[in-house]
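This is what each chain is made of:
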Amino acid sequence: MILDSGTMLVCKREHVTDPLLLSRKGHMPELKLVPYAKHWYQERTIGLHREYLAKGVNERIDLYVYIHEDRRVRIGDYVVLGNGDQFRITMVNFVIEENTNLRYTTITCQRLDENYDIDTVQA
């Protein structure tokens, strides 16, 4: 399988704040996306069966991709595509392709209503 749709960052959402700012009265920590992996991906078609299953549990699917196997990826993590679009991961599956025995991770995502800043210090 050719992973040619682009690159994406896989991130965790964490409180990131300068320790000096935290000492000031009233300063709250800031939620940012902290990248922990970068992958090439292949965007896949969202089939009707998968779409109707999601609607049955009041969810929507906005992105369905394959990446090379990465067992660190978890439901609740975030994906940032190369064009800046941000998504929350709602489903992760680990797949072995029958013909080639190559291992992939499939990721199902939902688009965020409001984007987070990305922690560029750790990116």
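Residues numbered from 1 in each chain as written. Predicted model: local features only at pLDDT ≥ 70, side-chain atom pairs only at ≥ 80, totals over all residues. Heavy atoms only, no water.

Moving on: the overall build of the protein chain. Along the backbone of the protein chain there are two helices and seven strands. In the protein chain, the order of α-helices and β-strands from amino to carboxyl end is β-α-β-α-β-β-β-β-β. Within the protein chain, the proportion of its 123 residues that are buried is 34%. Pairs at least 24 residues apart make up 61% of the contacts formed inside the protein chain by residues separated by at least 6 positions. (Helix = DSSP H or I, 4+ residues; strand = E, 2+ residues; numbered from the N terminus. Buried < 20%, exposed > 50% of the residue type's maximum accessible area, 1.4 Å probe, protein only. Contact = heavy atoms within 4.5 Å.)

Okay, the pairing of strand S1 (residues 6–16) next. Looking at chain direction, S1 and strand S2 (residues 30–43) are connected through 11 bridges and run antiparallel. Directly across from cysteine 11, in S2, lies its bridge partner proline 35. Examined bridge by bridge, S1 and strand S4 (residues 78–81) share four bridges and lie antiparallel to one another. Residue pairing for S4: valine 10 is matched across the bridge by valine 79. (Pairing = 2+ DSSP bridges.)

What follows deals with unusual backbone geometry. With a phi angle near 60°, asparagine 101 is a residue other than glycine that sits in the positive phi range. Locating asparagine 101 in the fold gives a position in the loop between strand S5 (86–96) and strand S6 (103–111). Judged by its relative accessible area of 58%, asparagine 101 is exposed.

In this section: the pattern of salt bridges. Under the criterion given, the structure shown has four salt bridges. Between glutamate 69 and arginine 71 there is a salt bridge whose closest N-O contact spans 3.2 Å. Judged by its relative accessible area of 31%, glutamate 69 falls in the partly exposed class. Between arginine 111 and aspartate 85 there is a salt bridge; the shortest N-O distance is 3.6 Å. With arginine 111 in strand S6 and aspartate 85 in the loop between S4 and S5, this pair connects stretches of sequence that are 26 residues apart. (Salt bridge = Lys/Arg side-chain N within 4 Å of Asp/Glu carboxyl O.)

Once that is clear, we can look at the pairing of S5. Of the pairings in the sheet, the one linking S4 to S5 comprises three bridges and is antiparallel in character. Bridging from a neighbouring strand, valine 79 pairs with phenylalanine 87 of S5. Two successive antiparallel strands, S4 and S5, enclose a turn made up of four residues, where glycine 84 displays a positive phi of approximately 100°. With antiparallel pairing between neighbouring strands as the criterion, S5 and S6 make up a hairpin whose turn holds six residues, including asparagine 101 at a positive phi of roughly 60°.

Judged by nonpolar contacts, the single largest core of 15 residues is most densely connected at Met8, Val73, Val79, Leu81, Ile89, Ile107 and Cys109. The set of elements that each furnish at least two residues to this core consists of S1, S2, strand S3 (63–68), S4, S5 and S6. Setting aside its immediate chain neighbours within four residues, leucine 81 contacts Thr7, Met8, Tyr41, Leu63 and Phe87. Of all hydrophobic cores here, the second largest spans five residues; its members include Cys11, Leu33, Tyr78 and Leu112. (Core = buried A, V, L, I, M, F, W, Y, C linked by side-chain atoms within 4.5 Å.)

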